[in-house]
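Here is how the chains run, residue by residue.
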Amino acid sequence: MNARLSREHAEELYATRGDWTEERLGDLLDLNARRTPDREYVAFGDERLTFARMKNWVEAVAHDLVGHGVGRGDRILIQVPNRLEALVLQLAAFRIGAVDVPLIPIYRTHELLDIVPDAAPAAIAVAANLNGRIPTEEIDAVLSETGHAPRVKYAIGGAAAGWAQLPGANSDVPAGRLPDPAPASEPALVLYTSGTTAKSKGAVLTSRECVAHARNWVDRFGVHSEDVYLVGTPLSHLGGFNAAILLPLFTGARVVVLPGWKAIDAAEVAEREKATVMLGAALFLTEMVDVYESGRFARNPIRLYASAGAMTPPDVIRRAARFGVVAGSCYGMTEAGTLSGFGPEDPLDKRAELDGRIFSGMQIEAVDEDRNPLPFGRQGELRVRGPQVMERYTDPDATARQMDADGWFYTGDVGYTTADGWVKMTGRLKDIINRGGEKFSAQDIELALLAHPAIAEAAVLGLPDARFGECVGAFIRPAEGRDWQGPQDVLAFLDQSGLAKQKLPVVWHILPGGLPRTPSGKVKKNDLAAFHASHSQTEENDD
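Here we summarise the structure given alongside this text. (Residues numbered from 1 in each chain as written. Predicted model: local features only at pLDDT ≥ 70, side-chain atom pairs only at ≥ 80, totals over all residues. Heavy atoms only, no water.)

1. Considerations on the overall build of the protein
Right, so step 1: A tally of regular secondary structure across the protein gives 16 helices and 27 strands.
Right, so step 2: Taking 543 residues into account, the globule formula puts the C-alpha radius of gyration at 24 Å, and the protein, at 23 Å, falls close to it.
Right, so step 3: For the C-alpha atoms alone, the extent of the protein along its principal axes is close to 75 × 55 × 50 Å.
Right, so step 4: Of the contacts made within the protein by residues no fewer than 6 positions apart, 69% connect residues no fewer than 24 positions apart.
Right, so step 5: For the protein, the computed accessible surface area is about 22,100 Å², with 48% contributed by carbon and sulfur atoms. (Helix = DSSP H or I, 4+ residues; strand = E, 2+ residues; numbered from the N terminus. Rg over C-alpha atoms; globule rule 2.2 N^0.38 Å. Contact = heavy atoms within 4.5 Å. Areas by Shrake-Rupley, 256 points an atom, 1.4 Å probe, with all protein chains shown as cover.)

2. With respect to the pairing of strand β6 (residues 152–156)
Sheet faces and side chains relate simply in a regular strand, where the side chains alternate between the two faces.
Right, so step 1: Taken across its five residues, β6 has five buried, putting it largely inside the fold.
Right, so step 2: Side-chain alternation along β6 places Val152, Tyr154 and Ile156 on one buried face and Lys153 and Ala155 on a second face that is also buried.
Right, so step 3: Pairing between strand β5 (residues 123–127) and β6: five bridges, direction parallel. Across the sheet, the residue bridging to Val126 is Ala155, located in β6.
Right, so step 4: Where the polypeptide runs from β5 across helix α6 (residues 135–146) and back to β6, its parallel neighbour, the crossover connection is right-handed. (Buried < 20%, exposed > 50% of the residue type's maximum accessible area, 1.4 Å probe, protein only. Pairing = 2+ DSSP bridges. Right-handed = clockwise from strand over helix to strand, strands pointing away.)

3. Re the environment of Lys274
Right, so step 1: Tracing the backbone shows Lys274 in the loop between α9 (263–273) and β11 (277–280).
Right, so step 2: Judged by relative accessible area, Lys274 falls into the exposed class, the value being 57%.
Right, so step 3: Between the C-alpha atom of Lys274 and that of Val256, which follows or precedes it by 18 residues, the distance is 9.8 Å.
Right, so step 4: Beyond its immediate stretch of four places on either side in the chain, Lys274 contacts Val228, Val269 and Pro301.

4. Brief notes about the packing of helix α3 (residues 51–67) against helix α4 (residues 84–95)
Right, so step 1: The geometry of α3 relative to α4 is characterised by a closest axis approach of 8 Å and an angle of 65° between their N-to-C directions. Between α3 and α4 lies a crossing of right-handed hand. Taken together, the residues of α4 that come into contact with α3 (itself represented by Met54, Trp57, Val58, Glu59, Val61, Ala62 and Leu65) are Leu84, Glu85, Leu87, Val88, Leu89, Leu91, Ala92 and Arg95.
Right, so step 2: Classifying every residue of the contact of α3 with α4 gives twelve nonpolar, no polar and three charged. (Axes fitted to C-alpha atoms, helices over the stretch in contact; angles between N-to-C directions. Left-handed = near helix turned anticlockwise from the far one by under 90°. Nonpolar A, V, L, I, M, F, W, Y, C, P; charged D, E, K, R; others polar.)

5. Some points on the pattern of salt bridges
Right, so step 1: For the coordinates displayed, the defined rule picks out 38 salt bridges.
Right, so step 2: We note a salt bridge from Asp30 to Lys55, for which the minimum N-O separation is 3.7 Å. Residue Asp30 is located in helix α2 (residues 25–35), and its partner Lys55 is located in helix α3; the two are separated by 25 residues in the primary sequence.
Right, so step 3: In this structure, the salt-bridge partner of Lys503 is Asp444, at a minimum N-O distance of 2.6 Å. Highlighted residues: Lys503 in the loop between α15 (488–496) and β27 (507–510) and Asp444 in helix α14 (residues 442–450), separated in sequence by 59 residues.
Right, so step 4: On the accessibility criterion, Lys503 (18% relative accessible area) is buried. (Salt bridge = Lys/Arg side-chain N within 4 Å of Asp/Glu carboxyl O.)

6. Some thoughts on the sheet that holds strand β21 (residues 409–417)
Strand pairing in a sheet is mediated by backbone hydrogen bonds. Such pairs are either parallel or antiparallel.
Right, so step 1: Pairing is antiparallel across the open sheet formed by four strands, whose spatial order is β18-β19-β21-β22. Two strands lie at the open edges of the sheet, namely β18 (363–367) and β22 (423–428), each paired on one side alone. Going from strand to strand, the sheet's axes swing by 50° on average, the running direction of each strand aside.
Right, so step 2: Sheet topology places strand β19 (residues 380–385) next to β21; four bridges connect them, and they run antiparallel. The residue of β21 that forms the bridge with Arg383 is Tyr410.

7. Description of the nonpolar core
Right, so step 1: Counting residues in each nonpolar core, the largest one holds 90 residues, and the members touching the most others are Tyr41, Met54 and Tyr229.
Right, so step 2: When residues of this core are assigned to their parent elements, the largest contribution, nine residues, is made by α4.
Right, so step 3: If you look at the next biggest cluster of nonpolar residues, it comprises 28 residues, including Ile302, Tyr305, Val325 and Ala352. (Core = buried A, V, L, I, M, F, W, Y, C linked by side-chain atoms within 4.5 Å.)

This is the structure in structure tokens:
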């Protein structure tokens, strides 16, 4: 597709070649309930729902929303941990043509003060209690401060003054016709980005973009109706939405939802439920491989693991292959979904070292500082275009900064593409360390650190330095059973691996409890920078 093709003509092309269709998210559950009503759709602990039972529950909730004055185009903010209500509410939003706005549960007043006025939801649903927090009180405080007044508020899993109760799974469906789902071209989903370095932005997606994403997933990964998805990612995150709602409903498959992530529990559930597909963070894959290498389980049922959200150490993908898992890193983002993938026919080395083959109909290019395309193999900012890319951000200024008139979305990621259609993300524009004018990617150093057997997690930042402007700082979680004896052994290992001496960390922070991460697995580097600023004790090596 021509790089200078106007956005209007590009959209005409998507419709002509079938990338965009009139399929609506609000129809997918109903279609499955008609085709296979008694087939199990979702399992959560001891709770199991067929497509038909889920349809009835969704319609009961949809009627309740409509009864409170919620309808087409209204936004429904859903901040609920992994439980069936988190699925039901999102599906009910699609069913009546409202806009699903799922929020990760970790967001508190700081983030909500930005998000609530931006989303302006007509309905809000939150957990009544969450790990010692009372989210209903947090939301009420935010509503009081912002002056926003939703038409209805639902407390999930408990009661709260001024908050309604959601109809239960066995509720009768009221008589009367529900509104039709919104047309495929209208907004259906707003996903707020994880905000690892700045405040969250709301990405607006339509049914046609989501369905194009699902179709590309089926084509590249070969998923089908007999698969069983195991979901440990929050259902309010893009990965959880894809694995628990979009892909199972698009293919008619089954999904098993975990209440949270613990690798040993996930392996037990995977064996019992015969799970075959996982989407999630590289950390999840690493911990699952560790469990299987322990020999506790006789077999591994997972055939496919699509790793995204953070870089995946190549060695983990190779280790996974020993247990029959076709694993690989995928390139993707909240604003466009998964953009690349792989299949069992793809060479292990490529799956381990690159970030997947670019999806059909999608374009990814590396560009220079003037936004001119670079040759294959040359690193630059990655820009993407195609039928999966969001319509816009909720913030027009953010849209103008990152999307151009030709429909290109400028990701802020640094990487390159290959002549045979693969992509490699090597870092972030904001994650480039400038050491006395020498610039290099933090990710390159992180991968080198993770190759050391004593290191389980590693993150690298450019930290303030009086001499060079920035220096390399490393944040480390030691591997299980390995005591940290100082950086000398690691520095020698990095030197022997051929890493440029300028890239060697000179500041070290050891975090036995692990690195702070978003639900998608991305390291929260802003938290690490704040940690460094508040801790003066460091270990340094000579320049």
